[in-house]
Number of protein chains: 2
Amino acid sequence: MKNVTKRQHEVILFIQDHLKAHGYPPTIREIGSHFSFSVKAAFDHVKALEKKGILRCNENRSRAIEIIHEAYLPKDEGLDIPLLGNVAAGVPLLSEENFDRMIKVPKQMLADTGQYYALLVKGESMHDAGIFDGDIAVIKYQQQADNGDIVVARVQDEAVTLKRFFRENNRVRLQAENEEYLPLYTQEVQILGKLQMIIRDYT
Amino acid sequence: MKNVTKRQHEVILFIQDHLKAHGYPPTIREIGSHFSFSVKAAFDHVKALEKKGILRCNENRSRAIEIIHEAYLPKDEGLDIPLLGNVAAGVPLLSEENFDRMIKVPKQMLADTGQYYALLVKGESMHDAGIFDGDIAVIKYQQQADNGDIVVARVQDEAVTLKRFFRENNRVRLQAENEEYLPLYTQEVQILGKLQMIIRDYT
DNA sequence: TTCATAACTATACCTTTGTTTCGTAGAAGT
DNA sequence: ACTTCTACGAAACAAAGGTATAGTTATGAA
C-alpha cells in the first residue's frame, strides 16, 4: 500500500525466496538470522509490513506469514477452468454430468473478472472461422452478446452449439461458419457465453 | 512411493488444502484438530508419509512440512516460453532481436522435455489449416520433421515460415494450406521446430 | 500364533517461536 | 521542539508446537 522502505522490501524478498525454496514461510527468527539482526528487528519489520497491508500474520501462530498484497504475490499462474466434455441436452450447463476435467489457461490472457469455462468443440460447423473438431473453446460466461460475437447458445433445450450471433428485427440468427450449414433463426435462444480463446493441441 | 493408505491420503489432501488456503502448511496439532484426533495420531501420519517419501519434515521446526512427492505437488502451472514477435531474415531464431515477450502456456499440454518457443502467425498461408493471422503458434524446437508435420522452416536465410513439411525424392516440399499459395520446393531447408499448439485470442 | 503395521487416545516434556519490555539513534514531518 | 516512523539490540516470558511414553485395537502376513 504505502511506500515500502528498502529494508522492508528486502524482507519481503527473503520471505518470497523462502516460500519458493521450502514451501513455507520463515519464522521471525529465521528472518532475523538471515539479515543477522535481532529478533525484535525482524519482528518490527514484519509488523510494519503487516500494517502496510503487504503481509498478514496469524497472531501467536508460528510461521503464519501470508503475503496478501497483489504486487508481492507470486506471478499469477493459470486459471483453472472446467472443461465441459459432453454438454448434454436439457441439462444445466455447469452440472456434473457435463464436467470432464479442469484445464489450465494462462491467466494473463483473460480478463480479471468473469466466470469462464471451456468446451470441447464437436463437429465442423465453425470450420471457416478456423475452429475445428477437437479444439478447446474457452468461454466467458455471459447471457447477452453483440452482433458478430461467437457465442455458446442453447436453443430450446437442445445441446449447446457454438455459433456466430446476430440479432435481427424480431429474431436471432445463429450462423455457422461453414457453407454446408444453414443459419438457424430463432426467437428463443439462451446465450451461455462468448468465445474468448481457441486452443488447439497438435501433440 | 509406496501405497498410501486412505487416511494418509486424507491427511495429504488436508495439507494441500491448507497450503492453498493459507500459503503455509498446518501444524501437527492443526492436522489433528481437523480430523479430531490426537496430536500423536497426526504426528504418526506425518511421519509415516515422510517415510514413504511423500513429505519432508524439518526436525523440531514448526510447520515445516514440505510436499516432495511429484504426485502430490501442486498441479504444475504454466511454462514460460518466449514469444518471438518478428522473426527477422538472417537472424538466429532465438536472438534478442526476435524476442517480444514471454507467454504462459499450460504445462500439462506440453511434453516434459524439449525446448519451446512461440511465434505470432503472420499472414494467411495456413488459413485452411485453421491457423490465422495473429494466432500464437507454440513450437517445439527440433531440427527434423516427419511427413505431414506443420513446421517452422527457414529457407535460405529468409524469414521463417510455418508450412506443412513433406520430404520427396531429392527435395523438400513446404506446402502452405491456402489455395493461393504455391508449394515451395527446396533442397536447403532448416527446420526450426514443429507446431505443438495454436492459441487464438478473441478478446 | 506371532509379528508388523495402521490407526488411534491421553498426557507429559521441552524446544521453538511469537511477543513484550526496555533501550538507542537517526530521519522526517508539524 | 515535539512527535512519529524507521531501524536496530538484549533479554526474558509465555504460548505454540514437535516429540516421546505408555497404552489400545484391528488387520494382515508369516
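The structure contained in this document is the topic of the report that follows. If you're wondering where the values come from, they're calculated on a predicted model, not measured in any experiment.

About the criteria used
- Residues numbered from 1 in each chain as written.
- Chains lettered and ligands numbered in written order.
- Predicted model: local features only at pLDDT ≥ 70, side-chain atom pairs only at ≥ 80, totals over all residues.
- Heavy atoms only, no water.
- Buried < 20%, exposed > 50% of the residue type's maximum accessible area, 1.4 Å probe, protein only.
- Helix = DSSP H or I, 4+ residues; strand = E, 2+ residues; numbered from the N terminus.
- Pairing = 2+ DSSP bridges.
- Expected span 1.5 Å × (residues − 1).
- Contact = heavy atoms within 4.5 Å.
- Buried area = accessible area lost by both parts, 1.4 Å probe.
- Salt bridge = Lys/Arg side-chain N within 4 Å of Asp/Glu carboxyl O.
- Polar contact = N/O pair within 3.5 Å; in protein donor to acceptor, adjacent residues only side chain to side chain.
- Phe/Tyr/Trp six-rings, centres within 6.5 Å; stacked < 30°, edge-to-face > 60°.
- Lys NZ or Arg CZ within 6 Å of the ring centre and 35° of its normal.
- Near = heavy atom within 4 Å.
- Nonpolar A, V, L, I, M, F, W, Y, C, P; charged D, E, K, R; others polar.
- Axes fitted to C-alpha atoms, helices over the stretch in contact; angles between N-to-C directions.
- Parallel < 35°, antiparallel > 145°, perpendicular 65-115°, else oblique.
- Core = buried A, V, L, I, M, F, W, Y, C linked by side-chain atoms within 4.5 Å.

## A short note on the pairing of strand E6 (residues 136-140) of chain A
The side chains of a regular strand alternate between both faces of the sheet.
Residue and element names in this part refer to chain A.
Alright, step 1. Among the 5 residues in E6, 5 count as buried, and that is most of the element.
Alright, step 2. In E6, alternate side chains face the same way, and those of Ile136, Val138 and Lys140 on one face and Ala137 and Ile139 on the other are all buried.
Alright, step 3. Note that strand E5 (residues 116-120) and E6 share 5 bridges and pair antiparallel. Across the sheet, tyrosine 117 pairs through a bridge with isoleucine 139, a residue of E6.
Alright, step 4. With 5 bridges connecting them, E6 and strand E11 (residues 189-201) associate as antiparallel partners. Across the sheet, the residue bridging to valine 138 is methionine 197, located in E11.

## Digging into helix H3 (residues 39-51) of chain A
Residue and element names in this part refer to chain A.
Alright, step 1. Taking 1.5 Å as the rise per residue, H3 with 13 residues should run 18 Å; its terminal C-alpha atoms sit 18 Å apart, in good agreement.
Alright, step 2. On its buried face, H3 sits against helix H1 (6-22), helix H2 (28-34), strand E1 (55-57) and strand E2 (65-67).
Alright, step 3. Glycine 53 lies just past H3 and shows a positive phi near 80 degrees.

## Considerations on the interface of chain B and chain A
Alright, step 1. Tallying the contact residues gives 42 residues for chain B and 41 residues for chain A.
Alright, step 2. In this assembly, chain B packs against chain A so that about 3200 Å² is buried in total across both faces, 52% of it on carbon and sulfur atoms.
Alright, step 3. It is B:Lys104, B:Met109 and B:Tyr202 that lose the most area in chain B upon contact with chain A, and together they represent 20% of the buried surface on that side.
Alright, step 4. Scanning the region where chain B abuts chain A turns up 1 salt bridge.
Alright, step 5. At the junction of chain B and chain A, the tally comes to 11 residue pairs in polar contact (both at pLDDT 80 or more).
Alright, step 6. Contributing elements (two or more residues each) for the side of chain B that touches chain A: helix H1 (6-22), strand E2 (65-67), strand E4 (99-106) and strand E11 (189-201) of chain B.

## What to know about the packing of aromatic side chains
Residue and element names in this part refer to chain A.
Alright, step 1. Per the counting criterion, the structure on display carries 4 aromatic pairs over all chains.
Alright, step 2. Look at phenylalanine 14 and phenylalanine 35: their rings are 5.9 Å apart centre to centre, the planes differ by 75 degrees, and that puts the pair in the edge-to-face class. One end of the pair, phenylalanine 14, is in helix H1; the other, phenylalanine 35, is in the loop between H2 and H3, and 21 residues separate them in sequence. Neither residue differs from the other here; phenylalanine 14 and phenylalanine 35 are each classed as buried.
Alright, step 3. A connected cluster of aromatic rings, assembled from ring pairs, spans Phe14, Phe35 and Phe37.
Alright, step 4. Over the aromatic face of phenylalanine 166 sits the side chain of arginine 173, whose NZ or CZ is 4.3 Å from the ring centroid.

## Observations regarding the protein's contact with DNA strand D
Alright, step 1. If you check the shell around DNA strand D, you find 27 residues, and the closest are A:Arg7, A:Phe37, A:Ser38, A:Arg61 and B:Arg29.
Alright, step 2. Atoms of DNA strand D within 4 Å of the protein: sugar and phosphate make up 65%, bases the balance.
Alright, step 3. In the environment of DNA strand D, a phosphate oxygen lies 2.8 Å from a nitrogen or oxygen atom belonging to the backbone of B:Arg63.
Alright, step 4. Its residues placed into classes, the surface near DNA strand D shows 5 nonpolar, 10 polar and 12 charged.

## Structural notes on the packing of H1(A) against H3(A)
All names here are of chain A.
Alright, step 1. Where H1 contacts H3, the axes come no closer than 10 Å and their chain directions differ by 95 degrees. By the criterion of interaxial angle, the relationship of H1 to H3 is roughly perpendicular. For the pair formed by H1 and H3, the contact residues are Arg7, Gln8, Val11 and Ile12 on the first element and His45, Ala48 and Leu49 on the second.
Alright, step 2. Residues of the contact of H1 with H3, tallied by class, amount to 4 nonpolar, 2 polar and 1 charged.

## Examining the nonpolar core
Alright, step 1. A:Val138 and B:Val138 are the most contacted members of the largest nonpolar core, which totals 24 residues.
Alright, step 2. Apart from residues lying up to four places away in sequence, B:Val138 is in contact with B:Ile81, B:Val105, B:Leu110, B:Tyr116, B:Tyr117, B:Ala118, B:Lys194, B:Leu195, B:Gln196, B:Met197 and B:Ile199.

## Some points on the protein's contact with DNA strand C
Alright, step 1. Not every one of the 27 residues close to DNA strand C is listed here, only the nearest: A:Arg29, B:Arg7, B:Phe37, B:Ser38 and B:Arg61.
Alright, step 2. When atoms of DNA strand C within 4 Å of the protein are sorted by moiety, sugar and phosphate together comprise 63%.
Alright, step 3. Note that a phosphate oxygen of DNA strand C is positioned 2.8 Å from one of the backbone N or O atoms of A:Asn60.
Alright, step 4. One of the side-chain N or O atoms of B:Arg7 is found 2.3 Å from a phosphate oxygen in DNA strand C.
Alright, step 5. At the level of secondary structure, the elements contributing two or more residues to the surface near DNA strand C comprise H2 and H3 of chain A together with H1 and helix H3 (39-51) of chain B.
Alright, step 6. Each residue belonging to the surface near DNA strand C can be placed in one class, and the counts come to 5 nonpolar, 10 polar and 12 charged.

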